[in-house]
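Notes for the structure review
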Amino acid sequence: MLEMFEKKQSFEKFESKVWLSSPTMYDDSMKYVMEAYETNWMSTVGKNIDEVEAMVCEKVGCGHSVALSAGTSALHLAVKLAGVKPGQKVFCSDMTFSATVNPITYEGGIPVFIDTEYDTWNMDPVALEKAFELYPDVKVVVVAHLYGTPGKIDEIKAICEKHGAVIIEDAAESLGATYKGIQTGTFGDYNAISFNGNKIITGTSGGMLLTDDEAAADKARKWSTQARENAPWYQHEEVGYNYRMSNVIAGVVRGQLPHLEDHIAQKKAIYERYRDGFKGLPVSMNPIDFENSEPNYWLSCMILDKDAMCKQVRGEQDALYVPEHGKSCPTEILDAIASINAEGRPIWKPMHMQPIYRMNPFVVRDGNGRARTNAYISGTVTDVGMDIFSRGLCLPSDNKMTAEQQDRIIEVIRACFD
Ligand SMILES: *Cc1c(COP(=O)(O)O)cnc(C)c1O
């Protein structure tokens, strides 16, 4: 397929790869890591951990934070705190990274996927309300803010309150983003952020559970360090986990956290440069509810107009398209971006389309999304998530990308529509 594209037009490659989103390091991180090394606090206890927990609480405005080995660990402990038991259904975002929903499965819960809305590409409150009609016993909702853009938090909160459901907020991608001036990661009862290598702030890995509930934070801290009881020997009354953050990783995070606002500004500039650069093309950027929210612009994405799509077919492992003048598709554009040594990525494939979750319920605005999907010929788009997945893509959004590099990426994308 790359060959096919190169026949259409070819551009000079970048010497060093332009990444989707890569870590940005500062000298301070090295200083704090060295401090840990020189004082021999090389375990899951130490000053860096204490500092990072305090810094995040101050920035985000949460009561308590527990530094963990990953965002996924935070989500797992959140699911446990929410009391999810085997066989219980849990509503969750559908168009998201699998780590949003896998922890439900770890606890034996059954993820029920809620379709996406077009305004922010997040959980659709209308579909969520429908889901409570279909499954009135559900008591836990896991909601993510995709690509750093806050979803319709007020609507979702109101629906959850009405139905007495606990909210787990997956703010792994949205650290620093605000909704009505309030930071994401504070709207749920239990909230998760991530310091994974491609996130806006990274410790190479790591994550955090955020909550205003002190007892919950204490429980999570205990569970994350093997659930030891207060006894002279290893005494256990509950199942424990090895989920605590390392003091070395905390040192990396500690040196980087003060730069969060800089990273957001850099990523916002990238978003705006793409938006301006695509003027006149039959595409739009990932949508933002500017009236209520200020994203962290973690990843810039684009979506093609329906009538600008050339024929594209995706199987479970690969994709094909037929190049067409004046039209394009995500597969062609991703090939074009890759051909100049830059990294784009398809939109996160919705969970209801994943083979592992093919039997799980999926709810769209007007009811059972599975029934609807089955009623159509396969390959036809029948829900919002599937539609955005088929027409959208993530653009190289690295904060170290230069304006000149970005301009070349824009040029290459424009050429796809020749
Ligand atoms: C990255 C990510 C996670 C998982 O975080 P890790 O720190 O990698 O475990 C969870 N949810 C979403 C939406 C993410 O993007």
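Refer to the structure above for everything that follows.
Structure report, in brief. From a predicted model like this one, the values you see are computed outputs, not experimental measurements. One numbering rule holds for all chains: residues counted from 1, following each sequence as written. Selection of residues for local features in this predicted model requires a pLDDT of at least 70, selection of side-chain atom pairs for listing and counting requires 80 or more, and totals for whole chains, interfaces and linings are taken over all residues. Each side-chain value is worked out from all heavy atoms of the structure, with water and hydrogens disregarded.

Focus: the overall build of the protein
Numbering goes from the N terminus for both helices and strands, where a helix is a DSSP run of H or I of at least four residues and a strand is a run of E of at least two. Helices and strands together make up the secondary structure of the protein, namely 14 helices and 18 strands. Only the C-alpha atoms count toward the radius of gyration. The rule for a globule is 2.2 Å times the residue count to the power 0.38. Relative to its length of 418 residues, the protein is compact, with a C-alpha radius of gyration of 22 Å against a globular reference of 22 Å. Across its three principal directions, the C-alpha atoms of the protein cover 75 × 55 × 40 Å. Under the scheme applied here, a residue whose accessible area is under 20% of the maximum for its type counts as buried, over 50% as exposed, and between as partly exposed, the area being computed with a 1.4 Å probe on protein chains only. Within the protein, the fraction of its 418 residues that count as buried is 56%. The contact criterion used is simple: two residues touch if any of their non-hydrogen atoms lie within 4.5 Å. Counted over contacts in the protein with a minimum sequence separation of 6, partners at least 24 positions apart contribute 71%. When the 42 positive and 58 negative side-chain charges of the protein are each reduced to one mean point, those points stand 3 Å apart. Charge convention: Lys and Arg are scored as positive, Asp and Glu as negative, and His as well as the terminal groups of each chain are ignored. Taken as the charge centre is NZ of Lys, CZ of Arg, CG of Asp or CD of Glu, depending on the residue.

Brief notes about the packing of helix 4 (residues 71–81) against helix 8 (residues 214–224)
Fitted lines through C-alpha atoms give the axes, limited to the stretch in contact for helices. The angle between two N-to-C directions lies from 0 to 180 degrees. The interhelical angle for the contact between helix 4 and helix 8, taken along N-to-C directions, is 125°, at an axis separation of 10 Å. One way to sum up the angle between helix 4 and helix 8 is to call them oblique. In the packing of helix 4 onto helix 8, the handedness of the crossing is right-handed. Every residue of helix 8 that contacts helix 4 at Leu77, Lys80 and Leu81 is listed here: Ala216, Lys219, Ala220, Trp223 and Ser224. Any residue that is not Ala, Val, Leu, Ile, Met, Phe, Trp, Tyr, Cys, Pro, Asp, Glu, Lys or Arg is counted as polar, Gly included; the first ten are nonpolar and the last four charged. Among the residues making up the contact of helix 4 with helix 8, the classes are represented as five nonpolar, one polar and two charged. Note that the term roughly parallel is reserved for angles under 35 degrees, roughly antiparallel for angles over 145, roughly perpendicular for angles of 65 to 115, and oblique for everything else. For any pair of crossing helices, the crossing counts as left-handed if the nearer helix is rotated counterclockwise from the farther one by less than a right angle, and right-handed if it is rotated clockwise.

Remarks on the site of the ligand
What surrounds the ligand is a group of 15 residues, the closest being Thr72, Asp170, Glu173, Ser194 and Lys199. Any pair of nitrogen or oxygen atoms within 3.5 Å is treated as a polar contact; in protein, a donor-acceptor pairing is required on top of that, and neighbouring residues in sequence qualify only through side-chain atoms on both sides. Ser194 places a polar side-chain atom, nitrogen or oxygen, 2.7 Å from an oxygen atom of the ligand. The contact in question runs from an oxygen atom of the ligand to an N or O atom on the side chain of Lys199, over 3.3 Å. Here the ligand loses 93% of its free accessible area of 380 Å² to cover by the protein chains. At three residues, helix 4 tops the list of elements feeding residues into the shell around the ligand. Per-class residue counts for the shell around the ligand are five nonpolar, seven polar and three charged. Any residue with a non-hydrogen atom lying within 4 Å of a molecule or strand is treated as near it. A 1.4 Å probe and the Shrake-Rupley method give the accessible areas. Residues count as covered only by the protein chains that appear here.

Some remarks on helix 2 (residues 27–38)
Residues spaced three or four apart along an α-helix point in a common direction, a consequence of the helix completing one turn every 3.6 residues. A rise of 1.5 Å per residue sets the reference length of helix 2, with its 12 residues, at 16 Å; its end C-alpha atoms lie 16 Å apart and thus fit the reference within 8%. Burial in helix 2 covers these residues: Ser29, Tyr32, Val33 and Ala36. Along helix 2, the residues classed as buried sweep out an arc of 100° about the axis, all on the same side. Turned more than 90 degrees away from the buried face of helix 2, the exposed residues are Asp27, Met30, Tyr37 and Glu38. Taken together, the buried residues of helix 2 touch helix 3 (47–60) and helix 9 (247–256). Downstream of helix 2 by a residue or two, Asn40 has a phi angle that is positive, lying close to 65°. Working rule for helices: expected span equals 1.5 Å times residues minus one. In this description, the arc belongs to the directions extending from the helix axis to the C-beta atoms.

Describing the pairing of strand 8 (residues 190–194)
Burial of strand 8 is extensive: five of the five residues sit out of reach of the surface. Of the two faces of strand 8, both are covered, the one formed by Tyr190, Ala192 and Ser194 as well as the one formed by Asn191 and Ile193. One requirement defines pairing of two strands: DSSP has to find at least two bridges between them. As paired strands, strand 5 (residues 166–170) and strand 8 are joined by three bridges and run parallel to one another. The residue of strand 8 that forms the bridge with Glu169 is Asn191. Of the pairings in the sheet, the one linking strand 8 to strand 9 (residues 207–211) comprises four bridges and is antiparallel in character. Paired with Ala192 across the bridge in strand 9 is Leu209.

A word on the nonpolar core
To qualify as a nonpolar core, a set must consist of buried Ala, Val, Leu, Ile, Met, Phe, Trp, Tyr and Cys residues joined through side-chain atoms within 4.5 Å. With 37 residues, the main nonpolar core has Tyr147, Leu175, Phe195 and Ile347 as its most contacted residues. Elements with a contribution of two residues or more to this core: helix 3, strand 9, helix 9, helix 10 (260–277), strand 12 (301–304) and helix 13 (384–391). Counting residues per element, this core draws most heavily on helix 3, which supplies five residues. Counting 35 residues, the second-largest nonpolar core is a separate cluster that includes Tyr271, Tyr274, Ile337 and Ile413.

Topic: the packing of aromatic side chains
Note on aromatic contacts: the rings of Phe and Tyr and the six-membered ring of Trp form a pair at centre separations within 6.5 Å, being stacked when their planes are under 30 degrees apart, edge-to-face when over 60 apart, and tilted otherwise. Applying the stated criterion across every chain, the model contains nine aromatic pairs. For the ring pair Tyr241 and Tyr243, a centre distance of 5.0 Å and an interplane angle of 25° mean the geometry is stacked. Note on accessibility: Tyr241 and Tyr243 belong to one class, buried. Between the aromatic rings of Tyr271 and Tyr297, the centroid separation amounts to 5.2 Å while the plane-to-plane angle is 65°, which identifies the pairing as edge-to-face. Within this pair, whereas Tyr271 is found in helix 10, its partner Tyr297 is found in the loop between strand 11 (293–294) and strand 12, the two being separated by 26 residues in sequence.

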